[in-house]
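# Structure at a glance
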Amino acid sequence: MLRIDILTCVPALFAGPFSHSILKRAQEKGLVQIAIHDLRDFTTDRHQQVDDYPFGGGAGMVLKVEPIAAAIRHLQSQRPYDRLIYLTPEGRHLDQHLANELSLCQNLLLLAGHYKGVDQRVRDLFITHEVSIGDYVLSGGELPAMVLVDAVVRLLPGVLGDETSALTDSFQDGLLEPPIYTRPADFEGHRVPDILLSGHFAQIDRWRDEQAYEKTRRLRPDLLADAD
Ligand code: 6GU
């Protein structure tokens, strides 16, 4: 059973994605436990201040070290974490390999930064891994944390049905998916490839493999280059 704790100063952002569809069902089935923690709950001042001005000047606010340290220490007193992950555009790019790796963990702690980032001492003292979801800047680590959780949870055994097994995903075998069709067989003269209607399943499998390879060569040749 995987447990994911998420530290954020905007807990409300997480209400949607974790309360519907696959992620909701995975939690109901007890396949994953996801807990959102509000950094403000770990402040000790009257204003529950989680951020402050950067020393030395500059634009933007910085998440303070004390509330984050208090939150992390509190969570660490409850369970040992395999990884303490800080979501930042400076981190290692999330890919299917990393998602697979994280899906094998027991306890993950995710820290979603906001504003200009976190006090460097948080990274020096607590963070074991830094993860980015791509080379573009978002307003905070919350959406990246949700992306990471989705990519990881769908890999857990029992989360997807057999018919939608993660093993058939694009990228899991290093290739894109072949084209897929459903009824009608003829839409305004645009027909589904005959092979798919033939009932010859061995030939259909071969056709799909060929199509997946062709499509990957055309759209993502880089995936064929680095066969890992
Ligand atoms: Cl993890 N955080 C932020 N703020 N922006 C990002 C990102 C993370 N990954 C890509 N852009």
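Predicted, not measured: the structure shown is a model, and the values here were computed from it.

In this section: the packing of aromatic side chains. Scanning the model with the defined rule gives one aromatic pair in all. Taking 5.8 Å as the distance between ring centres and 40 degrees as the angle between the ring planes, the aromatic pair formed by Phe14 and Phe18 counts as tilted.

A word on the environment of Tyr136. By the element assignment, Tyr136 lies in the loop between β7 (129-132) and α5 (142-153). Linking Tyr136 and Gln48, residues 88 residues apart in sequence, is a C-alpha distance of 31 Å.

Bringing the nonpolar core into the picture now. Across soluble globular proteins, you tend to see nonpolar side chains buried next to one another. With 30 residues, the main nonpolar core has Leu110, Val149 and Val153 as its most contacted residues. Only β1 (2-8), α1 (21-28), β2 (32-38), β5 (83-93), α3 (96-103), β6 (107-112) and α5 provide two or more residues apiece to this core. Contacts of Val149, omitting those with residues within four sequence positions, involve Ile4, Ile6, Phe18, Leu23, Ile34 and Leu110. Grouped together as the second largest cluster of nonpolar side chains are 21 residues, Leu7, Leu63, Tyr81 and Leu111 included.

Now for the packing of α3 against α5. For the pair α3 and α5, the least separation of the axes is 8 Å and the interaxial angle reads 70 degrees. One way to sum up the angle between α3 and α5 is to call them roughly perpendicular. Of the residues in α5, those in contact with Ala99, Leu102 and Ser103 of α3 are Leu148, Ala151 and Val152. The residue makeup of the contact of α3 with α5, split by class, is five nonpolar, one polar and no charged.

Around the ligand sit Leu87, Thr88, Pro89, Val131, Ser132, Ile133, Gly134, Tyr136, Leu138, Gly140 and Pro144, and that is every residue in its neighbourhood. Within the side chain of Ser132, an N or O atom sits 3.3 Å from a nitrogen atom of the ligand. Within the complex, the protein chains bury 96% of what would otherwise be the 290 Å² of accessible surface of the ligand. Elements supplying a minimum of two residues to the shell around the ligand: β5 and β7. Examining the composition of the shell around the ligand, we find that three residues originate from one element, β5, more than from any other. Among the residues making up the shell around the ligand, the classes are represented as seven nonpolar, four polar and no charged.

Within a sheet, adjacent strands bond to each other through the backbone by hydrogen bonds, running parallel or antiparallel. One open sheet accounts for five strands, arranged β2-β1-β6-β5-β7; its pairing is parallel. Unpaired on one side and paired on the other, β2 and β7 mark the two borders of the sheet. Neighbouring strand axes in the sheet, compared pairwise and without regard to direction, differ in orientation by 30 degrees on average. As defined by bridge partners, β5 adjoins β7 across five bridges and the pair is classed as parallel. The residue bridging Tyr86 from the neighbouring strand is Glu130, located in β7. Lying over the sheet, α3 contacts β1, β5, β6 and β7, oriented at roughly 175 degrees with respect to β5.

Counting through the fold element by element, Asp38 comes out in strand β2. This buried residue, Asp38, is left without a salt bridge; Arg40 holds the nearest opposite charge, at 4.6 Å. Look past the residues within four positions of Asp38 in its chain and what remains in contact with it is Thr8, Cys9 and Pro11.

What counts, and at which threshold
Residues numbered from 1 in each chain as written. Predicted model: local features only at pLDDT ≥ 70, side-chain atom pairs only at ≥ 80, totals over all residues. Heavy atoms only, no water. Phe/Tyr/Trp six-rings, centres within 6.5 Å; stacked < 30°, edge-to-face > 60°. Helix = DSSP H or I, 4+ residues; strand = E, 2+ residues; numbered from the N terminus. Core = buried A, V, L, I, M, F, W, Y, C linked by side-chain atoms within 4.5 Å. Buried < 20%, exposed > 50% of the residue type's maximum accessible area, 1.4 Å probe, protein only. Contact = heavy atoms within 4.5 Å. Axes fitted to C-alpha atoms, helices over the stretch in contact; angles between N-to-C directions. Parallel < 35°, antiparallel > 145°, perpendicular 65-115°, else oblique. Nonpolar A, V, L, I, M, F, W, Y, C, P; charged D, E, K, R; others polar. Near = heavy atom within 4 Å. Polar contact = N/O pair within 3.5 Å; in protein donor to acceptor, adjacent residues only side chain to side chain. Areas by Shrake-Rupley, 256 points an atom, 1.4 Å probe, with all protein chains shown as cover. Pairing = 2+ DSSP bridges. Lys, Arg positive; Asp, Glu negative; His and termini not counted. Salt bridge = Lys/Arg side-chain N within 4 Å of Asp/Glu carboxyl O.

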